[in-house]
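What follows is the residue order along each chain.
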Amino acid sequence: MTAYNPLGRRATARENAQRHEALRAELARRKLVAIRGIGEHPRNPWPGEPSFLVLGISRRAARALGRQFEQNAIVWAAPDAVPKLILLR
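Quick look at the structure, then. (Residues numbered from 1 in each chain as written. Predicted model: local features only at pLDDT ≥ 70, side-chain atom pairs only at ≥ 80, totals over all residues. Heavy atoms only, no water.)

**Re the layout of surface pockets**
Here is step 1: One number sums up the size of the largest pocket: a volume of about 970 Å³.
Here is step 2: Around the largest pocket sit 35 residues that line it, and Met1, Thr2, Ala73, Ile74 and Val75 are the ones nearest its centre.
Here is step 3: Sorting the residues of the lining of the largest pocket by element identifies β1 (33-39), β2 (49-55) and β3 (73-77) as the ones contributing at least two each.
Here is step 4: Top element by residues in the lining of the largest pocket is β2. It accounts for 6 residues. (1 Å grid on protein atoms, 1.4 Å probe; cavity = no way out; pocket = protein on both sides within 12 Å on 5 of 7 lines; lining within 4 Å. Points joined across faces, edges and corners; volume = space filled by probe spheres on them. Helix = DSSP H or I, 4+ residues; strand = E, 2+ residues; numbered from the N terminus.)

Quick look at the structure:
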């Protein structure tokens, strides 16, 4: 999950850093286990976005958090670990 570039528009480095910190704080407030990462596509020119792999979050909560941080989509996996692209818009 990322908070970078809301609704697919490129934000400034400062805005993205503030949004990322707000997401980190929200995950901590919810006491969720979050592992830092970078979300990027190997063949897409869009720059990688700092993100979190959030363990144990329900699909419903992940969707709500993605919407809260104005994302177009999130990647979520059930206990079977098969990732699914969840469109939010």
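**With respect to the side chain of asparagine 16**
Here is step 1: Inspection of the secondary structure puts asparagine 16 in helix α1 (residues 13-29).
Here is step 2: By relative accessible area, which is 4% here, asparagine 16 ends up buried.
Here is step 3: Of note is the side chain of asparagine 16, whose polar atom sits 2.8 Å from the backbone nitrogen of asparagine 5.
Here is step 4: What asparagine 16 contacts, discounting residues up to four positions off in sequence, is Tyr4, Asn5, Pro6 and Ala11. (Buried < 20%, exposed > 50% of the residue type's maximum accessible area, 1.4 Å probe, protein only. Polar contact = N/O pair within 3.5 Å; in protein donor to acceptor, adjacent residues only side chain to side chain. Contact = heavy atoms within 4.5 Å.)

**Quick notes on the nonpolar core**
Here is step 1: Core analysis: the largest hydrophobic core is formed by 14 residues, its most contacted members being Met1, Leu23, Leu27, Ile57, Ala62, Leu65 and Ile74.
Here is step 2: Counting residues per element, the ones that place at least two in this core are α1, β2, α2 (59-68) and β3.
Here is step 3: With near-sequence residues (within four places) excluded, leucine 65 lies in contact with Met1, Leu23, Glu26, Leu27, Arg30 and Ile57. (Core = buried A, V, L, I, M, F, W, Y, C linked by side-chain atoms within 4.5 Å.)

Bear in mind that shape data such as this cannot, by itself, settle questions of function.
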